[in-house]
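Chain residues, written in single-letter form:
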Amino acid sequence: MEKRFRLFNAYVWGIAGLGIFLLATNIPKFQDGRHVAEVLFLAILVACGEAAAVPFPRGKGTASMATPLIFTVIVLHGPAVGMWVAALATLRKRDLSLEVPLNVVLFNRGMLTVCAYVFSKIYFLIYGGFGSLEFPRGLFAFILAATGFTLLNAIIIGQGLAIQMKVPFVSIWRRNIVWMLPNMFALFPMGALMVLVVQQVGPLVLVLFYLPLIVTRVSLQKYIDLWETYSEIAAALSIAIDARDSYTHGHSVRVSEYSGKVAKKLGLNDEDVELLKYVGLLHDVGKVGLSDGILKKQGPFTYAEYEEMKNHAEIGADIIKVMKFLGKGEQWIRHHHERWDGSGFPGGLAGEEIPLGARIIACADAFDAMTTDRPYKDKMSYEEARKELIRCSETQFDPKVVKAMIKIIDQEMLGK
Ligand SMILES: [Fe+2]
Ligand SMILES: [Fe+2]
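Each chain carries its own residue numbering, running from 1 in the direction its sequence is written. Chains carry letters and ligands carry numbers; both start at the beginning, A for chains and 1 for ligands, and go up in the order they are written. The predicted origin of the model limits local features to residues at a pLDDT of at least 70 and limits the giving and counting of side-chain atom pairs to 80 or more, whereas totals for whole chains, interfaces and linings rest on all residues. For side-chain calculations, the full set of non-hydrogen atoms in the structure is used, while hydrogens and water are omitted.

Caption draft 1: Up close: the packing of helix H3 (residues 66-88) against helix H5 (residues 102-127). Axis separation between H3 and H5 bottoms out at 8 Å; the angle between their running directions is 155°. Here H5 runs roughly antiparallel to H3, going by the angle between their axes. The interaxial crossing formed by H3 with H5 has left-handed handedness. Within the contact between the two elements, H3 uses Phe71, Ile74, Val75, Pro79, Gly82, Met83, Ala86 and Ala87 and H5 uses Arg109, Leu112, Thr113, Ala116, Tyr117, Phe119, Ser120 and Tyr123. Polar here means any residue outside two lists: the nonpolar Ala, Val, Leu, Ile, Met, Phe, Trp, Tyr, Cys and Pro, and the charged Asp, Glu, Lys and Arg; Gly therefore counts as polar. For the contact of H3 with H5, a count of residues per class yields 12 nonpolar, 3 polar and 1 charged. Lines are fitted to the C-alpha atoms to define the axes, a helix being fitted only along its stretch in contact, and any angle between axes, read from their N-to-C directions, falls within 0 to 180 degrees. Working definition: helices are DSSP H or I runs of at least four residues, strands are E runs of at least two. Numbering for both runs from the N terminus. Note on angle classes: values under 35 degrees are labelled roughly parallel, values over 145 roughly antiparallel, values of 65 to 115 roughly perpendicular, and the remainder oblique. Handedness of a helix crossing follows the sense of rotation of the near helix relative to the far helix, less than a right angle counterclockwise being left-handed and clockwise being right-handed. Any pair of residues with heavy atoms lying within 4.5 Å of one another is described as a contacting pair.

Caption draft 2: Geometry of the environment of Leu152. Tracing the chain through its elements places Leu152 in helix H6 (residues 137-165). In sequence terms Leu152 and Cys115 are 37 residues apart; their C-alpha atoms lie 6.4 Å from each other. Filtering out sequence-adjacent residues up to four positions away, Leu152 remains in contact with Val114, Cys115 and Val118.

Caption draft 3: Up close: the coordination of the iron ion (ligand 1). Metal sites are built from N, O and S donor atoms within 2.8 Å, or 3.2 Å for Na, K and Ca, and they leave out water, so they may look incomplete. Only Asp284 (OD), His312 (NE2), His336 (NE2) and His337 (NE2) from the protein coordinate the iron ion (ligand 1), and they sit 2.2 to 2.3 Å from it. Around the iron ion (ligand 1), the 4 donor atoms sit at angles spanning 86 to 174°, and that spread fits a shape best called irregular. When the donor residues of the iron ion (ligand 1) are listed from N- to C-terminus, their spacing reads D-x27-H-x23-H-H. A separation of 3.8 Å is found between the iron ion (ligand 1) and the iron ion (ligand 2), which are bridged by Asp284. Placement of the pair is His312 in helix H14 (residues 303-322) and His337 in the loop between helix H15 (329-334) and helix H16 (356-370), with a sequence separation of 25 residues. Given the relative accessible area of 1%, His312 is considered buried. Partly exposed residues are those whose accessible area sits between 20% and 50% of the maximum for their type, while under 20% is buried and over 50% is exposed, using a 1.4 Å probe and protein chains only. Residue classification places His337 among the partly exposed residues on the basis of a relative accessible area of 23%. Irregular is the default label, applied whenever a site is not tetrahedral (four donors, all angles between 85 and 135 degrees) and neither square planar nor octahedral (four or six donors, opposite donors over 155 degrees apart, all other angles between 65 and 115).

Caption draft 4: Main features of a nonpolar patch on the surface. Residues Leu208, Leu211, Ile214 and Val218 make up a contiguous nonpolar surface patch of roughly 380 Å² in combined accessible area. Here Leu208 lies in the loop between helix H9 (188-201) and helix H10 (210-244). You can call Leu208 exposed: its relative accessible area is 53%. Patches draw on residues past 30% relative accessible area with no salt bridge. Two like charges within 9 Å are joined, as are two nonpolar side chains (Val, Leu, Ile, Met, Phe, Trp, Tyr) within 5 Å. Only the protein chains shown count as covering a residue, and every accessible area follows the Shrake-Rupley method with a 1.4 Å probe. For this analysis, a salt bridge means a side-chain nitrogen from Lys or Arg found within 4 Å of a carboxyl oxygen belonging to Asp or Glu.

Caption draft 5: Expanded view of the coordination of the iron ion (ligand 2). Protein coordination at the iron ion (ligand 2): the donors are His251 (NE2), His283 (NE2), Asp284 (OD) and Asp365 (OD), at 2.2 to 2.4 Å from the metal. In this structure, the iron ion (ligand 2) is surrounded by 4 donor atoms whose angles at the metal cover 73 to 175°, and the resulting shape is irregular. Binding-site remark: the iron ion (ligand 2) is held by donors from one chain whose sequence spacing is H-x31-H-D-x80-D.

Caption draft 6: Geometry of unusual backbone geometry. Cis geometry is found at the peptide bond from Phe135 to Pro136, where omega equals -10°. The omega torsion of the bond from Phe345 to Pro346 falls at 5°, within 30 degrees of zero and hence cis. As for its placement among the helices and strands, Pro346 is situated in the loop between H15 and H16. Even without a glycine there, the phi angle at Leu98 is positive, about 60°. The class of Leu98 is exposed, set by a relative accessible area of 54%. Located in the positive-phi region is Glu394, a residue other than glycine, with phi close to 75°. Tracing the backbone shows Glu394 in the loop between helix H17 (382-392) and helix H18 (399-413). Overall, the relative accessible area of 56% leaves Glu394 in the exposed class.

Caption draft 7: How the structure looks around the packing of aromatic side chains. We call Phe, Tyr and Trp rings a pair once their centres come within 6.5 Å, taking the six-membered ring for Trp, and we label the pair stacked below 30 degrees between planes, edge-to-face above 60, and tilted otherwise. Tallied over the full model, the rule gives 17 aromatic pairs. Each ring, one from Tyr123 and one from Tyr127, has its centre 5.2 Å from the other, and the planes form 40°; the classification is tilted. Note that Tyr123 and Tyr127 are positioned in helix H5 at a spacing of 4 residues, about one turn of the helix. Tyr127 matches Tyr123 in its accessibility class, with the two residues each being buried. For the pair Phe169 and Trp173, a centre-to-centre distance of 5.8 Å together with 40° between the ring planes defines the contact as tilted. In this pair, Phe169 and Trp173 are both assigned in helix H7 (residues 169-177), 4 residues apart and thus about one turn of the helix distant.

Caption draft 8: Spatial organisation of helix H1 (residues 2-24). One fewer than the residue count of a helix, multiplied by 1.5 Å, yields its expected span. Spanning 23 residues, H1 covers 32 Å between terminal C-alpha atoms, matching the ideal 33 Å at 1.5 Å per step. Buried within H1 are the following residues: Tyr11, Val12, Ile15, Ala16, Gly19, Leu22 and Leu23.

In structure tokens form, the structure reads like this:
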């Protein structure tokens, strides 16, 4: 722990130091007041671009106009101005109010300075100078330099996360970075276009580039708000379900958590992991259609009562069908009581015929039922429930789902 902390600290200060060294050895020189004013104007635009960065859905990074604008500044005004603008104009309010720790603020400045330096080196190597962008060599140089900047930026962040979280760089790269790259690359043509426009018309016209950004920001924010509303509705519904059956208090939330973790362990994509958390929360929503006599029954069901209880899976699926955003979640709820050997309900599906999401919920559901007190039985210990899952693997549960669940139980509950 201590060693990792020291290594992380050395990494953060190393990047920050490299940035400070580059800034100190590249002091910008201005020709006249007009030159200063133009750079200042561009720096303000970079700062606005950073402040109006568009968040990607579900809080993973942002797409900012600041980056292509930094490319524009380097191409038009050279590396020294570019590095200083990259380091200073990207400071946000929370950096200045020291809401973000000082070493992180300096690390980010260092990283952007180093990336801007690499951009300018690549551009110069291919194009041979600064101040203009002529086709086709200039565009080629611009795209390669921008690629260098973006990849280096991603590598520096990824490596930092890998050290901090003590996970291999490759897994950080695959999980957190690869999917973001197309969004970043998509901004390159915008950067090249901005250089051309400034060359032809002057820097003031850059303000126009911010209009589509504002429209995108507003609509994306609406989309994010909508997802938050969905979450709140799903949470409220799950509380309503659990409230009807006091013995299962918190059951839906735990099934949602276990399902999400198992899905992640099994390597499902982020979208399915997220969806499983929602569907886990709502898996027993069909219980609203059951009578109190059944829900609150203490002791074993009669045949007829058991048949009625079985209906909750299909009632739940029919309710979910109306919530279009839950998509295939409807099938997961319909089949969350199927068994791997085909003896479950309502469809009697077996093995891989059962949708994977339903197999995950079934395992999470059973584990929570075993480890909480119910009217007709005392709860099992985690160790006992773990044994029971293994015993029922390949009859009741999908063996690979059980394996993933066991890993989570061992790591998080038994501390093995
Ligand atoms: Fe159920
Ligand atoms: Fe359940």
